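An overview of the molecular structure
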Amino acid sequence: PPFLFLLAFLVGLGLEWLAPLSPAWLSAEPLHWLGWVLVAAGLVLGLASALRFWRAGTTVIPGAQPTSLVTSGPFAVSRNPMYLAATIIHLGAVTLFGTLWPLILLIVPVALVNAFIIPAEERRLLATFGMAYADYYRRVRRWL
């Protein structure tokens, strides 16, 4: 999934080269700083989430079989903080580059992750952890 976000961003930069879509307001200095803040926040969230998985001895690889159900730290607020982190980083990079194409294309990885990847992970977690996951699923939202 992180590569879906990267690919969407790179395709957006390619489209920017072919058909520029960079409004002046997107290049304003406050937005530039906001971009850095978003990228930093996304990196911190992503690393904190991955660290929770590593400490629990479970995999961070989507599609791999989990060995532990992680529900603390960022996972107490979002069932998918790593995908949320990728989205935040993408948004931050949009403001740093000052182009709308990557923002427009952000819908593609978010839609694919939300429609296919997350539901497959949820089925795997329910099959593996049963009621513990079902309770977590009811208690914590998918994104925020």
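Presented here is an overview of the structure given in this document. For every chain, the first residue of its written sequence is number 1, and the numbers climb from 1 along that sequence. Local features in this predicted model are restricted to residues of pLDDT 70 or higher, and side-chain atom pairs are both shown and tallied only at a pLDDT of 80 or more, whereas totals for entire chains, interfaces and linings draw on every residue. The side-chain figures draw on all heavy atoms in the structure; neither hydrogens nor water molecules are used.

**Examining the overall build of the protein chain**
On a plain count of helices and strands, the protein chain comes out with six helices and zero strands. The helix and strand labels rest on DSSP assignments: H or I over at least four residues marks a helix, E over at least two residues marks a strand, and numbering proceeds from the N terminus. Traced from its N-terminal end to its C-terminal end, the protein chain shows the element sequence α-α-α-α-α-α. The C-alpha extent of the protein chain, read off along each of the three principal axes, is 50 × 25 × 25 Å. Contact definition: two residues touch when any of their heavy atoms are within 4.5 Å. Looking at the protein chain alone, contacts between residues at least 24 apart form 75% of all its contacts between residues at least 6 apart. Surface exposure here means Shrake-Rupley accessible area, sampled with a 1.4 Å probe, where a residue is shielded only by the protein chains that are shown. When the accessible area of the protein chain is evaluated, it comes to approximately 8100 Å², of which 75% is carbon and sulfur surface. Counting rule for charge: Lys and Arg are taken as positive, Asp and Glu as negative, and neither His nor the chain ends is counted. The atom standing in for a charge is NZ when the residue is Lys, CZ when it is Arg, CG when it is Asp and CD when it is Glu. A distance of 13 Å separates the average location of the 9 positive side-chain charges in the protein chain from that of its 5 negative side-chain charges.

**Describing the packing of helix 5 (residues 107-129) against helix 6 (residues 131-139)**
Relative orientation and spacing of two packed helices are given, respectively, by the angle between their axes and the distance between those axes. Put simply, helix 5 and helix 6 touch, their axes get as near as 6 Å, and they point 135° apart. Classified by the interaxial angle, the pair formed by helix 5 and helix 6 is oblique. On helix 6, the residues that touch E122, L125, L126 and F129 of helix 5 are M131, A132, Y133, A134 and Y137. In this analysis an axis means a line fitted to C-alpha atoms, helices contributing only their contacting stretch, and an angle means the value between N-to-C directions, from 0 to 180 degrees. Angle categories: roughly parallel below 35 degrees, roughly antiparallel above 145, roughly perpendicular from 65 to 115, and oblique for all the rest.

**Describing helix 2 (residues 29-56)**
Helical periodicity: at 3.6 residues per turn, an α-helix aligns residues three or four positions apart in one direction. The end-to-end C-alpha distance of helix 2 is 41 Å, a good match for the 40 Å that 28 residues give at a rise of 1.5 Å each. Of all the positions in helix 2, only G35, V39, G42, L45, G46, S49, A50 and F53 are classed as buried. Buried positions along helix 2 lie against helix 3 (81-97). Looking one or two residues past helix 2, G57 carries a phi angle of roughly 75°, positive in sign. Helix span, expected: 1.5 Å multiplied by one less than the number of residues in the helix. Think of it in three bands: with a 1.4 Å probe and only protein chains considered, a residue is buried below 20% of the maximum accessible area for its type, exposed above 50%, and partly exposed in between.

**Details of the packing of helix 1 (residues 2-18) against helix 3**
Two elements in contact, helix 1 and helix 3, have axes whose closest approach is 10 Å; the angle formed by their N-to-C orientations is 15°. Considering the angle they form, helix 1 stands roughly parallel to helix 3. Crossing handedness for the pair helix 1 and helix 3: right-handed. Across the interface between the two elements, F5, A8, F9 and L13 of helix 1 pack against Y83, A86, T87, H90, A93, V94 and F97 of helix 3. Residues are grouped as follows: Ala, Val, Leu, Ile, Met, Phe, Trp, Tyr, Cys and Pro are nonpolar; Asp, Glu, Lys and Arg are charged; every other residue, Gly included, is polar. Considering only residue class, the contact of helix 1 with helix 3 consists of nine nonpolar, two polar and no charged. Note on convention: the crossing is left-handed when the near helix lies turned anticlockwise from the far helix by less than a right angle, right-handed when the turn is clockwise.

**Section: the side chain of H90**
Residue position: H90 is located in helix 3. For H90, a relative accessible area of 3% corresponds to the buried category. Within the structure, H90 has its side chain in polar contact with the backbone oxygen of P102 (distance 2.8 Å). Those residues within four positions of H90 in sequence are excluded, and the remaining contacts are F5, A8, F9, P102, L103 and L106. For this analysis, a polar contact is any N or O atom pair within 3.5 Å, provided that within protein one partner can donate a hydrogen and the other can accept it, and provided that sequence-adjacent residues contribute only side-chain to side-chain pairs.

**What to know about the pattern of salt bridges**
Whenever a carboxyl oxygen of Asp or Glu lies within 4 Å of a side-chain nitrogen of Lys or Arg, that contact is scored as a salt bridge. Within this structure, the stated rule accounts for three salt bridges. A salt bridge links E122 to R79, with the shortest nitrogen-to-oxygen separation between them at 2.7 Å. Of this pair, E122 sits in helix 5 while R79 is found in the loop between helix 2 and helix 3, placing the two residues 43 residues apart along the sequence. Since its relative accessible area comes to 11%, R79 is described here as buried. In this structure, the salt-bridge partner of R138 is D135, at a minimum N-O distance of 2.6 Å.

Keep in mind these numbers describe shape, not what the thing actually does.
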